[in-house]
Amino acid sequence: MTPASPAPSSRVRRTAPALIDLVGRACAERRAAGGRLFPLAQAVPDFPPPEHVREALLASLADEATHRYTVDPGLPELRQAVARVLGGRRGAEWDPAEGVVVTAGANLAFAEVLPAIVDVGDEVLLLSPYYLNHGMAVELLGARPVEVPLDAGRAFAVDFAALERALTPRSRALVVVNPGNPIGSVVGRREMERLLTFAAAHGLWVVSDETYEDFVLDPPADGWTSAASVPGHGDRVIVLGSFSKSAGLSGWRVGWIAGPPALLREVLKAHDTMIICAPVAAQRAAIASLQGERSWLDPRRAELAARRRAVLDFLARSPVLEGATDASRGAMFVLVRPRDRELGDSTRAALDIVRTSGVALVPGAAFGRCGEGWLRLSFAGVGTAVLAEALPALEAALAR
């Protein structure tokens, strides 16, 4: 008798697929049918790499070293630049030799850090709605993502009572995304200090994904604050970052991890297993993006701020739509929903909307139970002229 075919692992089967892929397929179907699309789903800015960064990419192709591995942690000059420029922006002192690892984007950075800080069956606290790939990575490792609801009644601020309730003896790490995805929230100084004090009191690692740090559009009164900038917590804080958004290098896959050298020596085991080293051409582009005054970021911030303002102004006067506008202070997101009724199943709603109106949004359910009932709108990839058409189309779709 022929044995049955082997099945995928139970961990993988238990992990739900990314709901954004369903939206992507619906977009492809509409495009194939000749329908117009308004791409408000993906968090990919429509800014290309700056000219000097593209020149560095092209120049790297003529260097034979580009086509070989680097040392596992990445090019020394890039690690030095991350420690000097990005550490300096955060008020952190990172050892470029042992305290920084260059990765193929921030998602891989998170996936590499996880096995160094949690074991199978351990729990990871995710402030919810949470970034969808973080939850998936925790599940794939065989750990348990624990949703800690943010306080929707207070602009999605951290609910410290909910954090206390979420603790168990298996709690090992707390994940912060700042500025936030999917909300666009920004953690200020006081809130960050409280989070780190909480983590220290309960022996938790803190993983702070700061991918959108260059796009703090409306900081709180006490300012955007990196987890690395609060003194006395450097032995438990791991910071992740990416060049995908600020430098327009999402297709080149380059990001970074910074943290305690003793921990990063363990992280390098996962890093070597998963990728060996980040793409060398992308590393050289990242170096170029960190050189000079980086004034090229100013018009990008101004453009995103104008798009954000257009969305918030429309929501303020819409009789049909409302948004979590008080929480949207950074990155490129606003959560939206109908004003006078329940959205219902956000996945079904998102698919209906893209099929009938061409407006592509991400279902709130992609971001955990606390995201259900919302839709994530990203203004990363379209200007204000397109938003002026897309938002009424969305309003009309939800008014049906």
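Please read these numbers as outputs of a predicted model, since none were measured by experiment. (Residues numbered from 1 in each chain as written. Predicted model: local features only at pLDDT ≥ 70, side-chain atom pairs only at ≥ 80, totals over all residues. Heavy atoms only, no water.)

Caption draft 1: Geometry of the environment of Val175. Here Val175 shows up in strand S5 (residues 171-177). Residue Val175 is classed as buried on the basis of its relative accessible area of 4%. Separated by 222 residues in the primary sequence, Val175 and Ala397 have C-alpha atoms spaced 35 Å apart. (Helix = DSSP H or I, 4+ residues; strand = E, 2+ residues; numbered from the N terminus. Buried < 20%, exposed > 50% of the residue type's maximum accessible area, 1.4 Å probe, protein only.)

Caption draft 2: Layout of the sheet that holds strand S10 (residues 333-338). The strand order S9-S10-S13-S12 describes an open sheet built from 4 strands, whose pairing is antiparallel. The open sheet has two edge strands, strand S9 (321-323) and strand S12 (362-363), and neither has a second partner. By the bridge criterion, 4 bridges tie S10 to strand S13 (residues 375-378) in an arrangement that is antiparallel. When the bridges of S13 are listed, Val334 appears paired with Leu377. (Pairing = 2+ DSSP bridges.)

Caption draft 3: How the structure looks around the nonpolar core. Judged by nonpolar contacts, the single largest core of 113 residues is most densely connected at Trp94, Leu125, Leu163 and Phe243. Per-element accounting of this core gives the leading share, 7 residues, to helix H13 (residues 384-399). Apart from residues lying up to four places away in sequence, Trp94 is in contact with Val82, Ala83, Leu86, Gly87, Val100, Ala228, Val239, Trp256 and Ala258. Within the second largest apolar cluster, 22 residues are counted, among which are Phe110, Val113, Leu126 and Ile238. (Core = buried A, V, L, I, M, F, W, Y, C linked by side-chain atoms within 4.5 Å. Contact = heavy atoms within 4.5 Å.)

Caption draft 4: Quick look at unusual backbone geometry. The omega torsion across Ser128 and Pro129 is 10°, close enough to zero to call that bond cis. The amide bond that connects Asn178 to the next residue, Pro179, takes the cis arrangement and shows omega of -5°. Along the chain, Pro179 turns up in the loop between S5 and helix H8 (189-201). Positive phi values are uncommon outside glycine, yet Ala155 reaches one of about 55°.

Caption draft 5: Fine view of the pattern of salt bridges. A complete count under the given rule lists 24 salt bridges for this structure. Across the salt bridge formed by Asp122 and Arg172, the nearest N and O atoms sit 3.5 Å from each other. Taken together, the positions of Asp122 in the loop between helix H5 (106-117) and strand S3 (123-128) and Arg172 in strand S5 put the pair 50 residues apart, joining distant regions of the chain. The salt bridge involving Arg301 is made with Asp298; its shortest N-O contact spans 2.9 Å. Here Asp298 and Arg301 lie together in helix H11 (residues 297-317), a separation of 3 residues that amounts to about one turn. Three or more residues joined by partner-sharing salt bridges are found here, namely Arg89, Arg90, Glu210, Glu213, Asp214 and Arg294. (Salt bridge = Lys/Arg side-chain N within 4 Å of Asp/Glu carboxyl O.)

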